[in-house]
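Chain by chain, the residues:
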Amino acid sequence: MIKKIFKWLLRILIVLILGILIIGTIKQASYDSKVEDEFQPIGKFSDIGENKIHYKYLDKGEFTFVLIAGLGVPMHTWSTLATDLNERGRVFMYDRSGLGFSEEGGLPRSIDNASIELNTVLTNENIPGPYILIGHSAGGFIARYYAKKYPKDVLGLYLIDPYQGDVGYDNNEPDEWPLTFKMMNWSFRNMSWSGIPYYLLPNPPHPTYKTSKAIKTYGLETYAEKISLEQFHKFDGIGTETPLYLLSADNIKDEFNDTNTELQRQIFKKYSSSINKFILIESGHYIHLEKPEIVLKSLDEFITKLNSK
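Residues numbered from 1 in each chain as written. Predicted model: local features only at pLDDT ≥ 70, side-chain atom pairs only at ≥ 80, totals over all residues. Heavy atoms only, no water.

(A) Broad picture of the overall build of the protein chain. Scanning the protein chain for helices and strands turns up 11 helices and 8 strands. The C-alpha atoms of the protein chain give 21 Å as radius of gyration, which agrees with the globular expectation for 309 residues (19 Å, within 12%). In terms of overall dimensions, the protein chain has a C-alpha envelope of 85 × 40 × 35 Å along the principal axes. Expressed as a percentage of the 309 residues in the protein chain, the buried residues total 49%. By sequence separation, contacts in the protein chain at least 24 residues apart represent 76% of the contacts at least 6 residues apart. When the accessible surface of the protein chain is split by element, carbon and sulfur atoms take 57% of a total near 15800 Å². Of note, the protein chain has its 34 positive side-chain charges centred 5 Å away from the centre of its 38 negative side-chain charges. (Helix = DSSP H or I, 4+ residues; strand = E, 2+ residues; numbered from the N terminus. Rg over C-alpha atoms; globule rule 2.2 N^0.38 Å. Buried < 20%, exposed > 50% of the residue type's maximum accessible area, 1.4 Å probe, protein only. Contact = heavy atoms within 4.5 Å. Areas by Shrake-Rupley, 256 points an atom, 1.4 Å probe, with all protein chains shown as cover. Lys, Arg positive; Asp, Glu negative; His and termini not counted. Charge placed at Lys NZ, Arg CZ, Asp CG, Glu CD.)

(B) How the structure looks around the pairing of strand β6 (residues 154-160). With 6 of 7 residues buried, β6 lies mostly within the body of the structure. Note on the crossover from strand β5 (residues 131-136) through helix α4 (residues 138-149) to β6: the handedness is right-handed. Alignment of β6 against strand β7 (residues 244-249), held across 4 bridges, turns out to be parallel. Bridging from a neighbouring strand, isoleucine 160 pairs with leucine 247 of β7. (Right-handed = clockwise from strand over helix to strand, strands pointing away. Pairing = 2+ DSSP bridges.)

(C) Structural context of α4. In a regular helix each residue adds 1.5 Å, so 12 residues correspond to 16 Å; α4 covers 17 Å between its end C-alpha atoms and thus fits that length. By the criterion of burial, α4 is predominantly enclosed, with 11 of the 12 residues buried. Every buried residue of α4 is accounted for by Ala138, Gly139, Gly140, Phe141, Ile142, Ala143, Arg144, Tyr145, Tyr146, Ala147 and Lys148. (Expected span 1.5 Å × (residues − 1).)

(D) Inspection of a positive patch on the surface at higher detail. Side chains of Lys3, Lys4, Lys7 and Arg11 sit close together on the surface and give a patch of like positive charge. Of note, lysine 3 is situated in helix α1 (residues 2-38). (Patch = residues over 30% accessible without salt bridge, like charges linked within 9 Å, V, L, I, M, F, W, Y side chains within 5 Å. Salt bridge = Lys/Arg side-chain N within 4 Å of Asp/Glu carboxyl O.)

(E) Summary view of the packing of helix α2 (residues 79-86) against helix α11 (residues 292-308). Between α2 and α11, whose axes approach to 11 Å, the crossing angle comes to 30°. Comparing the axis directions of α2 and α11 gives the class roughly parallel. In the crossing of α2 with α11, the sense of the turn from one axis to the other is right-handed. For the pair α2 and α11, the contacting residues are Leu81, Asp84 and Leu85 in the first and Pro292, Val295, Leu296 and Leu299 in the second. (Axes fitted to C-alpha atoms, helices over the stretch in contact; angles between N-to-C directions. Parallel < 35°, antiparallel > 145°, perpendicular 65-115°, else oblique. Left-handed = near helix turned anticlockwise from the far one by under 90°.)

(F) Region of the structure containing the nonpolar core. Core analysis: the largest hydrophobic core is formed by 35 residues, its most contacted members being Phe65, Trp78, Ile134 and Tyr158. Among the elements that take part in this core, α11 stands out by supplying 6 residues, more than any other. Other than its neighbours up to four places away in sequence, tyrosine 158 contacts Leu133, Ile134, Gly135, Tyr245, Leu247, Val295, Ser298, Leu299 and Phe302. Core analysis: the next-biggest nonpolar cluster, separate from the first, contains 34 residues, Val167, Leu229, Leu246 and Tyr271 among them. (Core = buried A, V, L, I, M, F, W, Y, C linked by side-chain atoms within 4.5 Å.)

(G) Molecular detail of the pattern of salt bridges. Applying the stated criterion across every chain, the model contains 9 salt bridges. A salt bridge links arginine 109 to glutamate 117; the shortest N-O distance between them is 2.8 Å. As far as burial versus exposure is concerned, arginine 109 and glutamate 117 are alike and both buried. Note that arginine 144 and aspartate 166 form a salt bridge whose closest N and O atoms lie 2.9 Å from each other. Highlighted residues: arginine 144 in helix α4 and aspartate 166 in the loop between β6 and α5 (179-190), separated in sequence by 22 residues. For aspartate 166, a relative accessible area of 5% gives the class buried. Each member of the salt-bridge network shares a partner with another, and the members are Arg144, Asp166 and Lys270.

(H) The arrangement of the sheet that holds β7 in detail. The mixed open sheet is built from 8 strands, whose spatial order is β1-β2-β4-β3-β5-β6-β7-β8. Looking along the sheet, the strands with just one partner apiece sit at the ends: β1 (44-47) and β8 (277-281). Each neighbouring strand pair of the sheet contributes to a mean axis angle of 25°, computed without reference to strand direction. As defined by bridge partners, strand β2 (residues 52-58) adjoins strand β4 (residues 90-94) across 4 bridges and the pair is classed as antiparallel. Residue pairing for β4: tyrosine 55 is matched across the bridge by tyrosine 94. Packed on one face of the sheet, α2 meets β2, β3 (64-68) and β4 and runs near 155° to β4.

Structure representation (structure tokens):
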């Protein structure tokens, strides 16, 4: 009797799982199709050999803002700032491999590969320096690495609530992910089509953030964290003289707010330029979307200091 009940329960569970997968797959495919219909490429494509990168370049100015978005986020995140930035200098923004309208790139999706791809596009498309690298979240991590690997044309770093995973990292293994996080990341990388990861991610800052392609890339970029930290660690002590403005989100709704702020202060302390500034802003993580006027005001101050050096 017990065996029969167990078999029936197992069958019901299997049917439920299959039902969830079928419904989720249909919803994810519908969402992908809707985004594809509503949003079209706004720039050009650069062939970097292994894949093509979608980018937009706004000319006119004495230097170029290179805009690097956060984890899983396409260049649409900069749309509200692009025009205002172009009044101050040239603007280059792009979709990293696997995001927005860029094709999927080679693995792993580490900061070194991301930086090489960015440098290839800038070189191939003759995007002139000097560069002010503006990086949000994980984009700030890429910006810092790029400035170390390709320092020649980097004028300054402007980081918006940057990722702080490298703080305190040494030759030991990075902290082990909890099992639940491992399972979630696996689903992002391998089941982005199923609709399940869609519901695990927070509401998107832009609709293209939750397409199956973007979800997969989100998982791949996160999965490469260990490799990225090892790559970054090799440049410890290099490029610390690069001028830096760092905007930190003072988000009282975030239970890890104080910890994040302290870690970002530790990042700030690694840079030695006399014009550096740490700015605490009452905002959520997407400061450039929530408080664009503050971003532009502090950026103007940063530019003035860079010009007076």
